[in-house]
Amino acid sequence: MRLNEISYTNAAPIDGYGPGFFRIGGQVYQGGVVTGPAGTTSWSGYIDEAPLLALADTVDVLFIGTGADLSHIPADLRAALENAGLGVEIMNSPAACRTYNVLLSEGRRIALALLPV
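Residues numbered from 1 in each chain as written. Predicted model: local features only at pLDDT ≥ 70, side-chain atom pairs only at ≥ 80, totals over all residues. Heavy atoms only, no water.

**Notes on the side chain of S93**
In this fold, S93 is placed in helix α3 (residues 93-105). Judged by its relative accessible area of 0%, S93 falls in the buried class. Here S93 is in contact with G65, T66, G67, L114, L115 and V117, once residues within four sequence places are set aside. (Helix = DSSP H or I, 4+ residues; strand = E, 2+ residues; numbered from the N terminus. Buried < 20%, exposed > 50% of the residue type's maximum accessible area, 1.4 Å probe, protein only. Contact = heavy atoms within 4.5 Å.)

Here's what the structure looks like:
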C-alpha cells in the first residue's frame, strides 16, 4: 500500500473533536467554530450570521455541522446564505469534519461552521 502525505494550503484541517470542543490545525477551540481560508473563530450558532455571510466572497460552499445529530437549520439563515451566493450543505458535525478535510485536501474553496457534539 502506498501512503501519500496530504498538504492543506488554503486552511487548517480538523484534527479532532469531542464533547464540546474541536481541534483545528493543532489548536483546541471550545464550543461552536467557523473555519476556512481566513482562519478559525468562535461561532455562537444559528443566530450568529455575520461570520458566515462574510465568507461569501472567499468560498463556494459552506458546510454546517449541526452537532451530534443531523437537523435542519433555520429557513431564514439558509435563505440569507444562499442569497449571498454561498452553497450550503448541512450534515452532522462528525460528517462535516470528514467532508471538509477531504475537500480541503483537494484545494476546494470551502468553509465550515460547526456546533459541538
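**Notes on the pairing of strand β2 (residues 21-24)**
Alternating positions in β2 separate cleanly, F22 and I24 being buried on one face and F21 and R23 remaining unburied on the opposite face. Where strand β1 (residues 14-18) meets β2, 4 bridges bridge the pair, whose relative direction is antiparallel. Bridge pairing links G18 to F21 in β2. Connecting β1 to the next strand, β2, in antiparallel fashion are 2 residues, including G20 with a positive phi near 85°. By the bridge criterion, 4 bridges tie β2 to strand β3 (residues 27-30) in an arrangement that is antiparallel. Residue pairing in the sheet places I24 in a bridge with Q27 of β3. (Pairing = 2+ DSSP bridges.)

**Quick notes on α3**
If you check α3, its first and last C-alpha atoms are 18 Å apart, about what 13 residues at 1.5 Å a residue would give, namely 18 Å. Regarding α3, the residues found buried are S93, P94, A95, A96, C97, Y100, N101, L103 and L104. Buried residues along α3 sit against β1, β2, β4 (33-36), β6 (61-66), β7 (87-91) and β8 (110-115). Its side-chain oxygen placed 2.9 Å from the backbone nitrogen of A95, N92 serves as the N-cap of α3. Positive backbone phi, at 80°, marks G107, one or two positions downstream of α3. (Expected span 1.5 Å × (residues − 1). Polar contact = N/O pair within 3.5 Å; in protein donor to acceptor, adjacent residues only side chain to side chain.)

**Points about the side chain of T35**
If you trace the backbone, T35 turns up in strand β4. Other than its neighbours up to four places away in sequence, T35 contacts A12, I14, I24, T40, Y100, A111 and L112.

**Examining the pairing of strand β5 (residues 39-42)**
Note that β4 and β5 share 4 bridges and pair antiparallel. Looking across to β5, one finds that V34 is bridged to T41.

**Notes on the sheet that holds β4**
With respect to topology, 5 strands assemble into an open sheet ordered β5-β4-β8-β6-β7, the strand pairing being mixed. Lying at the two open borders of the sheet, with one neighbouring strand each, are β5 and β7. Geometrically, the sheet is characterised by an average inter-axis angle of 15° between neighbouring strands, direction not taken into account. Pairing of β4 with β8 involves 3 bridges; the strand directions are antiparallel. Note on β8: the bridge partner recorded for T35 is L112. (Axes fitted to C-alpha atoms, helices over the stretch in contact; angles between N-to-C directions.)

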